Amino acid sequence: MTSKGVGAAISRRSYRLETEKPKSTGFVCDTLLSDFLYHVFPSATGRQPAAAFRKPLTFQNVDEHLEKLLAEEDYEENEKDGAVEGRLGPSIVVLDHNTGYEGLLLVDDDLLGVIGHSNFSTIRATTCVYKGKWSYEVMISSQGLMQIGWCTLNCRFNQEEGVGDTPDSYAYDGNRVRKWNVTTTNYGQSWAAGDIVSCLIDLDEGKISFCLNGVSLGTAFDNIKTGPGVAYFPAISLSFKESVAFNFGSRPLRYPVDGYRPLQDPPKSEILKAQKLLGYMKNVLQTGINVQEGKLMDRDISTWQIQGEPTVLVTLAHIFNHFAPLMCNVYLVEDVLMSFLLSILEGGGSVDEHPLILQLLELMWLLMEDYEVHECLKQLMMSLLRAYRFSPIIPDLGLQIHYLRLAIAILKHEKSRKYLLNNVLFDVLRSVVFFYIKTPLRVEEAGLQELIPTTWWPTRFDKEGKENKETKEESAEERLRRRAYERGCSRLRKRIEVVEDLQVQILMLLLNNKDKGTGEASRYIFLNKFRKFLQENASNRGNPTILCPPEYMVCFTHRLITAVRKYWDEYRSKNTSTLPSSDAYIPPQLFYNGKVDFFDLQRLGGLLSHLKKTLKDDLETKANIIIDPAEIQAVTMDDLDEDDESVTAQQRTLGALATGGLPTRPSWLSSPTLGRANRFFNTASVSLMNSRRILGAPEKVKARTLSLEQRTEEDIEGTNGSDGLLLGRPSDESEQPITEKSLLEIVDGIIMMYNISVHQQLGKMVGVSDDVNEYAVALKDTEEKLKRCPQRRKDIMDELLKSQKVFSEKLNHLSRRLAWINATIYSKDKMLDVYWLLQVCIQTIEHADRTGSLFAFTPEYYLNVAMNSYSALKNYFSPVNSMEELPGYEETLTRLAAILAKHFADSRIVGTDIKDSLMQALASYVCYPHSLRAVERIPEEERIAMMRNLLAPYEQRPWAQTNWILVRLWRGCGFGYRYTRLPHLLKTKPEDASLPSLQKPCPSTLLQKHMSDLLQKNHEMAASFLNSVLNQLNWAFSEFIGMIQEIQQAAERPERNFVDSRQLKVCATCFDLSVSLLRVLEMTITLVPEIFLDWNRPSAELLLRRLAQLLNQVLNRVTAERNLFDRVVNLRLPGLESVDHYPILVAVTGILVRILVDTEKQRRDRATSVLLTDPCFQLRSIQYLLGETEHSASKAGQTAADKKHFSLRAYTEYISLEELAKVEKMSVLLMESSKQAAATALPTSEEDLCPICYAHPISAVFKPCSHKSCKACINQHLMNNKECFFCKATITGVEDYNKLATS
């Protein structure tokens, strides 16, 4: 770089001296000035000539003196244009994005970062080496499948073979912990995101080696091919979405290795100049001028301030004249400036105790050109971010703390903060990295062994494999280990909290809304950038260049919650009429007044354009908002077609990229974001047509479109009577102020972030806890086997001891890693954050619900986050933290239950996915005792409304979940229905005990009573509900039988056939549905038997006949000797584990017992008659239930197979003696009744039988056409159709048919 002339530098900041009389300008005298300048700019030897023998220095000749000093030891470059011995290619080394790649890749703007965008892509550098020792570094951004190393120009790669898969290429793979050169062997250690791999090649010795975070992994390859015509390029192959960044020497190597040169030479001449200039700057800051005494004096550099001293400022101007151009070079910024700034903070203490950094930033803005300051700050923050992201984890987290403190010091400077917010933090780099605390993959390197010397894990488990808290107390040794482990975890948590506090300080600076001295406050800049950040992550879920990694999003969310709540409560302390943060909610008008952009996210009522059209009158009457007609007309079908075309255009762009077009830059690495918002993503704002009056009716307001960039503080906060973001308050909404309106939008963004990726990541990290449990179970099992192993079997003993050692080592590692995860992700504070989000969503939904039809404008993600955050609190944060300990836990649970109960069938919600989610959440809610009790605590009218919605007919709606909810309300009350797992599955592999289907029975008698009352009082509802249940049972069981026939046929074929696993799953699902539908019928008959047995009700006889018909069909199919059902059950196919005799037979038995035993005589006789007159009835099926088969009765000798015949008597742990006695009574009753019916039955001629079913005699005649059938057929037909079977005439009535009277 060439330095600028003194005139140019000084004139740009008005520091040029136009007078030849320095004394009259306010400067010091000539002698003192000369002494000062010689002190600031000493000679290279350090020996200054006596004052009498040296040329006086003034501001007119100091620049010449400075130029001479900088040239004294100027580094002479011997190698020009990259012509260095042993290296070929450009001196500036980058990735070869023109010819040196294979596959589809996304390359960063600086040509140093790369993301894989196809199966296995390869790219090499532009420079190669053939002699000497060389190195480069690779920063690992994702820990997936990659092969990093060296290759020659002759290597040919494809989508299957990359670096290391050809003879002259060599690679290290930290994902699989192997090295590759055609063949592969174990090598090195596993890498993780945030690690740095150093790639070393020694062409003099013919060796290649690698280092991980500065630690040598040893020689990977020796005797590599060298000699004439052989040169090696740095190269990498990486799979889809994997990303890295290279450093060939454009920045200082993080881990330089002695004897190895970086591929790109450092700018040694510029480094020397920058260091000299920095030294001169320090001299200025450390030297004071005593004008009165005419001498120089030393002063503390840390307390230096700009005080307007002309001598000092002009001297610094001369220094910055040379220093400023150098600070546009990333190498110099990182090596010289960042190191100097970090050294200022090394003394410890708070950042406020080091004001020098703020003064230096003031100097930079004062004495450097704007573009120079901008570039310098950008490179400085990028270097800081890289340093923070790729620093190794050490026990005290000292490196991370050091870099965060410098970031805080820089952001404390208002002008720098606003520039970085406007142009860098969200546009050029991802500042969310500063809020991430990475999890160490190797606990040894992170020092966790010293921090947590004693490890512990649960040692007692129940049959489901989960920690058993109800067993005997732990031993003294276990207690000591657990307490020591908890103390270690507490030490770790305190160190992590230090880092988190610094991260919150950064956000507090970015959210400052009082710094209006240099333009718009920081918070409003942050708000607009944050909204764009949300848009990119919400709208580009498949684009790896846009998406923020979920692990970063989790940490960012927690820090942002902490910062926002601090500002919220700080504002309330000054404005006591506002709400505390614990009562926070988002007002409903934010969702429909157009002030906040919700992008293309789905609303509860459908598309926003549709809602604006259909609810525009409601908006005007309830919220005084008039939708601008232009806004409605803008979104027409033509516009939607245009939008589709824009998507198609984007697909064409990707297609061009795949065929060799220039790859777009990945914003995640360091570059600006892709694809700015189109016109559908504009923020709609609202402007007042007239000023709002204090008294009188509210004025109507009209919405107009306003982009994010155009929004001002007034648009957000509102002024002069304007409501800002809260324009359009509905009449039911309180006038009490909530908080600053900008905070409301940030809270909305936090909820959106949780929905985008935070919840999914929370669920993913639970895997470590599951691994600990699995290894603990395996270790306990191994120790028990060791106790039982005979001493003489030394071979078995050795294997068991090896297994014990492996499991123990793995548990030691995982327990320390789990301590880190619990401290950073699942701590008590993080749990309170998620709980706060749950409360915000609940209160927001409650307020929005009161707006009536305007509730449809609420974004779907509020309901999603309410359900998911509760799920996270229940499933992810335990057993470390208990949900029961949360403040107001019972009330929150009840309020959420009320939301689920009310909105799962809300007609204002149209989205299929969100309706299914609500139904599933309610189904899960009633599975657990504590949440079921919450449902029972909601107001009675809401409970009754919920049950009414559950009892709606099953047709044309997702009835399976509804049926599951009703079954859970009954489970524990039905016949033999008190089990958690089916009897035949107890000896199988333990399942996850937290699954809703594996919870202990917890029936709700209160909700059962509501169901009973509804069905008793509303005859029409009862008939339609039960008719639909019977229809679905007929369908489900028929489907099940059809599928097991196909499975049996496939199993009997001589050729080897594999049944599709999906088909098996569907088959098992149909079986489970059949069982659950039978249980709902049992529940209904038990609670309201008159629906079937009181024939004064219009549909009772028909329902009873249909029920008998279906029960007989099920019994016949399941109980037939050596039938299809038996054969499929005995196959024990994976996927059909739940298919067995017990669940379906006890469900049928429960129904039969209720109508044949647990009822009065008249109704029992009626039910018995209907059952026996059904053509499908077989007494053998009833006898089968108790093991009384014809085969066993006819033969005294039984085979082994016969002895294992099904019998309810064998399930004494599941069926009580009282229940067995009722079955025996029912069997005797049916046996006697069938004998009596057979003795008194009269033969019926064929012409007297119903021409539809040929099972019952004719008993009804249709009017007016006089056609005939049995009552069962015509009643069932009239439920769905009013036309005659035969002539299609409309049936107006049905009369009894009596053959004798007719004749």
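Here, the structure is the one placed above.
To keep things clear, this report deals only with the structure shown in the data block. Fair warning: this is a prediction, and the values are worked out from it, not measured in the lab.

**Quick look at unusual backbone geometry**
- Following K1263, the chain continues to P1264 via a peptide bond in cis, the omega torsion being 10°.
- Along the chain, P1264 turns up in the loop between strand 23 (1260–1263) and strand 24 (1268–1269).
- Despite not being glycine, V182 has its phi angle at roughly 65°, a positive value.
- Counting through the fold element by element, V182 comes out in the loop between strand 10 (178–181) and strand 11 (183–186).
- Residue class for V182 comes out partly exposed when judged on its relative accessible area of 49%.
- The residue S1266 is not glycine, and still its phi comes out positive at about 70°.

**Re the pattern of salt bridges**
- If you walk through the whole model with that rule in mind, you get 38 salt bridges.
- In this structure, R523 engages E740 in a salt bridge whose closest nitrogen and oxygen atoms are separated by 3.2 Å. Taken together, the positions of R523 in helix 13 (residues 522–539) and E740 in the loop between helix 19 (713–717) and helix 20 (741–788) put the pair 217 residues apart, joining distant regions of the chain.
- Overall, the relative accessible area of 0% leaves R523 in the buried class.
- By relative accessible area, E740 is classed as buried at 9%.
- A salt bridge links E1219 to R978; its shortest N-O distance comes to 2.9 Å.

**Describing the pairing of strand 7 (residues 133–140)**
- Among the eight residues that make up strand 7, seven are buried, leaving the element largely enclosed by the rest of the structure.
- Across seven bridges, the pairing between strand 7 and strand 12 (residues 196–202) is antiparallel. Bridge pairing links E137 to S198 in strand 12.
- Bridge analysis of strand 7 against strand 17 (residues 261–262) gives two bridges, and the strand direction is parallel. Opposite W134, over in strand 17, you have R261 as the bridge partner.
- Examined bridge by bridge, strand 7 and strand 16 (residues 243–247) share four bridges and lie antiparallel to one another. Bridge pairing links I140 to V244 in strand 16.

Cut-off values and rules
- Residues numbered from 1 in each chain as written.
- Predicted model: local features only at pLDDT ≥ 70, side-chain atom pairs only at ≥ 80, totals over all residues.
- Heavy atoms only, no water.
- Helix = DSSP H or I, 4+ residues; strand = E, 2+ residues; numbered from the N terminus.
- Buried < 20%, exposed > 50% of the residue type's maximum accessible area, 1.4 Å probe, protein only.
- Salt bridge = Lys/Arg side-chain N within 4 Å of Asp/Glu carboxyl O.
- Pairing = 2+ DSSP bridges.

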